[in-house]
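# Architecture at a glance
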Amino acid sequence: MAKWGMVIDLDKCTGCQACTTACTMENNRLPGENWQDVLFYTEGTYPNVSMKWFPRPCMHCEHPSCVSVCPTKATYKDPNGGFVLVDWNKCIGCKYCQVACPYGVRFYMDERAVIQPDIRTVFPSNNDRLWDPPYKGPQDDPSRGIGIQPHGVVSKCTFCYHKVSKAPAGAVDLDEDIRELKEHVPACVRVCPPKARFFGDLDHPDSYVNKLIADKRGVRLKDETGNKPQVYYLSGGAAAAVPALRSMTDSDKS
Amino acid sequence: MTKTTTKEIGTLILALIGVGIVGYLVMQTLGGQGHAAFNTTNLGVHWGLPIVVYDYFLLTSTGLAMIAALAILFGSETFRPIVKRAAWLALAGLAGGVVVLMLELGHPLRALVAIPTSFAFESPLYWKAMTIGVYVLALLILIARMLKADWDAKALRGHAILILVLAMFITAAAGVVYGSNSFRPFWASGDIPVAFIFESLLGGLAFIYFFTYLAYAFDAEAMPEGVKRLFNGALPGLFALAIFVHLLFVLARMVNGLYGNVEGLQVWQHMVTSPLFLAEIFIGLLLPLILMLLAGTRTRPWAQALAALLVMNALLISRYEYIIGGQLVPMFKGTWAPDLLSYMPSTTEWLLLLLAILVSNAINAFGELTLRLGRER
C-alpha cells in the first residue's frame, strides 16, 4: 500500500491561504478549526522586521505521538495509506492527543467560539453534531473523523481521506494536472495557486514527491521528536524557511 | 449522641448541601454552555483547572494510600491511629477528583467502557485509568478488613504491599503523562514521576494532619493519646523532610528553567515573578518547613494544622503552575498566539474545584461518622 505524503515548497508558497479556505470548505470546518493553516510570524525588532509565513497541515506522522497516547485507540494510524485518523465513535474527548501533538493540529470545538456570532448557534444541529451547515460535503464517516463532528470529540486533518483513499490502484503522484486523478487530490493541494504543494507515495522510489525531497533536501518539522512527519518542507532559497521555533517572535524570548 | 457525632453529622449535612448547590450550578452551566463554560482554548491550554484539580486530588489520594500502606508495613503500633483515616481519605479524595474529571471529559460514560476495552498499552493514560480501578477495589477491601477495632497489621502486610505498588504506579504514570512530552521542556524530565511520588507523599501527610485535626474540631485535647504521640513524635520530622524534598524538586526545576535556553523554559521567567509562585514557595512551603523544624512550634497543634493547610494550598498551586505552565508556549499557532498564552480559570472551573472539595469532604465525613476512623483504641 501507498504511504501518502505531502511536500510543501516554501520558496513557492505565497501565504495566500487558498489551502486554508479550500480545506475549510471541503471539510465543513468551524471558524478557528484550521485543520490546514498558513501561520504568519513577525521576526526581528523595529526597524529590522520581517514577516514570514508557514503552511501547516497535520503531519500524519509515521510514529505519531497522538496515536501512542490515546487511551481508547480512537486515534489510529491507518495502515492503508498511512493516514492518521480519529474514530469519533471511540473518542472520549480527554484531549491528551492535543497535548501530545508537537504541531498543534488538533481541535476540540466544544469550546468557546473564536468569533461571533457563534456559527454553531446560527446553524444548530438536531442530531448531536456540533452544527448543521447549509452546505455539507457528501462525506460522513465518523469512524474516520470525516464530516461534522459530534459533541465532545477531537477533530483533525484527514489528508482528505475521502478523496485520496479512492484514488485508482497504482497511482503514485496525485497531481491536479492529471485529469483522471484530480478528484483524488487533497483540497489544499488542488487549489494551491503557485503549485507549492505536492502529494504522492513516499514509499514509491519513483514518485515525484520523493524526487523533490531528494533534489531539494526536504526536511521534516521538529524531526527530533521522533514523530517522523509524512509532510516535508522544501526551502533554502530566498523565501520563508522552516521555522526553528514554534510560534513566538524573537522579542518574546528575551 | 456524643458531641463528636453531632459535629460529624453536621459536617456531613453541610457538605451534602454544598454538593447539591454547587453541583446544581455546575450542571446548569455545563448543560447550557457545554465546555464553552471553560476558559481552555485550541490555542494551547487544552487542560485547564479541572485537570489540575483531578490530578491534585488523585496524587493526594495516592499519597494517602502510600502512607497507609507504609504505616502498616513499617509503622508498628505508632502509626496505627492514622492508617484507616488515610485509607478512607484516599478514597474520598479520589472521588472528588474523578467527579471533576467526568465533568471535564467530552464523553465520560463512553470512557468507562472505551478505556478498558481498548487495550491501548502504549498510552500512559490507559495504564493510569486501569490501575486506578484496581486501586479503588484494593482500598475498599483494605478498609473492609480494618472494620474490626482490633485489626491486625501483620495480616494486612500483603495487602499493604499491593496498595503501595498500585499507588506508586499510578503516581508515576501521572508523571509520565507530562514528563514524556519531550517537546514541552517545561514538563519533560525523567525525574517527574519520582517528583510526583514525593509530592503525593507530602500531600498525604498534609491531609492526614489537617483532617485528623478537623475530625476533632481542632481540639487537640480531644484527640486520643496514640494520635497525640504520633503527631508530636515522628510525624513532624517526616512532614518537614517531605516539604524539604518537594521544595528541592521545585527549586531544581526552577534553576534549570531559568538557566536553560530551550524554547519552552522561558515560562519560568514569567512564573518566578508571579505572586502565586512566590506565595507557594515562601508561604506554602518555607513557612511550614520552619514551623515543623523549630522545637517551639513543631508539636503545637495550631502550627501543625496551619502548616498542613498551607502545604495543601501550596501543592494545589504547584500542580496548577506545572500543568498550565507546560502549555503556555503555543505549538505552531503563528500570529494567532504570538506570545505566551494566558489562562485564567472561568467561574465554572472554580466551581468544579469547590465541588471536588465538597464531594471529598462529604465522603470523608461519612467515613468519620460510620467507620470511626482512627478511634479503634
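For every chain, the first residue of the written sequence is number 1, and numbering continues from 1 along that sequence. Each chain gets a letter, beginning with A, and each ligand a number, beginning with 1, in the order they are written. It should be noted that, the model being predicted, local features are given only for residues of pLDDT at least 70 and side-chain atom pairs only at 80 or more, the latter also being counted only at that level, while totals for whole chains, interfaces and linings use all residues. Excluded from the side-chain calculation are hydrogens and water; included are all heavy atoms of the structure.

## Quick word on the overall build of chain A
Under the DSSP-based scheme used, a helix requires at least four consecutive residues in state H or I and a strand at least two consecutive residues in state E, with every element numbered from the N terminus. A tally of helices and strands in chain A yields seven helices and nine strands. In terms of its C-alpha atoms, chain A occupies a principal-axis envelope of roughly 50 × 50 × 35 Å. Residue contacts are defined here by distance: any two heavy atoms, one from each residue, within 4.5 Å place the two residues in contact. The long-range fraction of contacts in chain A, counting pairs at least 24 apart against all pairs at least 6 apart in sequence, stands at 59%. Accessible surface area values rest on a Shrake-Rupley calculation with a 1.4 Å probe, where residue burial reflects the displayed protein chains alone. Of the roughly 10400 Å² of accessible surface on chain A, a fraction of 54% belongs to carbon and sulfur atoms. For this count, His and the chain ends are skipped, Lys and Arg are scored as positive, and Asp and Glu as negative. Positions of charges follow a simple convention, taking NZ of Lys, CZ of Arg, CG of Asp or CD of Glu. Between the centroid of the 31 positive side chains of chain A and the centroid of its 30 negative side chains there is a distance of 2 Å.

## A word on the environment of Phe 218 of chain B
Residues and elements named next belong to chain B. Topologically, Phe 218 is positioned in the loop between α7 (192-215) and α8 (225-232). Sequence-wise, Phe 218 and Ala 172 are 46 residues apart; in three dimensions their C-alpha atoms are separated by 34 Å. Leave out the neighbours within four places in its chain, and Phe 218 touches Phe 210, Tyr 213 and Ala 305.

## Remarks on the interface of chain A and chain B
Contact with chain A, which involves 51 residues of that partner, is made by 50 residues of chain B. Taking both sides of the interface into account, the surface hidden between chain A and chain B amounts to around 4100 Å²; carbon and sulfur atoms contribute 52%. By definition, a salt bridge exists where a carboxyl oxygen of Asp or Glu is found within 4 Å of a side-chain nitrogen of Lys or Arg. For the interface between chain A and chain B, the tally reads one salt bridge. Of the charged contacts in the structure, one is a salt bridge between Glu 104 of chain B and Lys 95 of chain A, with a shortest N-O distance of 2.9 Å. Polar contacts, as used here, are pairs of N or O atoms within 3.5 Å; protein pairs need one atom able to donate a hydrogen and one able to accept it. Residues neighboring in sequence count only if both atoms are side-chain atoms. The tally of links between chain A and chain B comes to 30 residue pairs in polar contact (both at pLDDT 80 or more). Counting residues per element, the ones that place at least two in the side of chain A that touches chain B are β2 (37-43), β3 (50-56), α2 (65-69), α3 (96-100) and β6 (106-108) of chain A. A breakdown of the residues in the side of chain A that touches chain B according to their chemical character gives 25 nonpolar, 13 polar and 13 charged. Note: buried area is the sum, over both parts, of the accessible area (probe 1.4 Å) each one loses when the two are combined. Residues are grouped as follows: nonpolar covers Ala, Val, Leu, Ile, Met, Phe, Trp, Tyr, Cys and Pro; charged covers Asp, Glu, Lys and Arg; every other residue, Gly included, is treated as polar.

## Concerning the sheet that holds strand β8 (residues 197-201) of chain A
All names here are of chain A. Each pair of strands is called paired provided DSSP finds at least two bridges between the two strands. Read from one edge to the other, the open sheet built from three strands follows the order β8-β1-β9, with strand pairing classed as mixed. With one partner strand each, in any of the chains shown, β8 and β9 (231-234) form the two edges of the open sheet. The sheet shows a mean angle of 20° between the axes of neighbouring strands, direction not considered. Pairing between strand β1 (residues 4-9) and β8: five bridges, direction antiparallel. Bridge pairing in β8 places Val 7 opposite Phe 198. Geometry is summarised by axes, namely lines fitted to C-alpha atoms with helices restricted to the contacting stretch, and by angles between N-to-C directions that run from 0 to 180 degrees. Lying over the sheet, helix α7 (residues 208-215) contacts β1, β8 and β9, oriented at roughly 115° with respect to β8.

## Some words on the nonpolar core
Within the largest apolar cluster, 140 residues are counted, with the highest numbers of intra-cluster contacts made by Trp 47, Tyr 135, Tyr 178, Phe 231 and Phe 239 of chain B. Looking at this core element by element, the count peaks at 18 residues for helix α2 (residues 49-74) of chain B. When sequence neighbours within four positions are dropped, the list of residues in contact with Phe 231 of chain B reads Ile 82, Ile 208, Tyr 209, Thr 212, Tyr 213, Met 223, Pro 236 and Gln 304 of chain B. What is meant by a nonpolar core is a set of buried Ala, Val, Leu, Ile, Met, Phe, Trp, Tyr and Cys residues, joined one to another through side-chain atoms within 4.5 Å. We call a residue buried when its accessible area falls under 20% of the maximum for its residue type, exposed when it is over 50%, and partly exposed in between, using a 1.4 Å probe and counting protein chains only. In this structure, Leu 30, Phe 83, Cys 157 and Tyr 161 of chain A belong to the second largest nonpolar core, which totals 43 residues.

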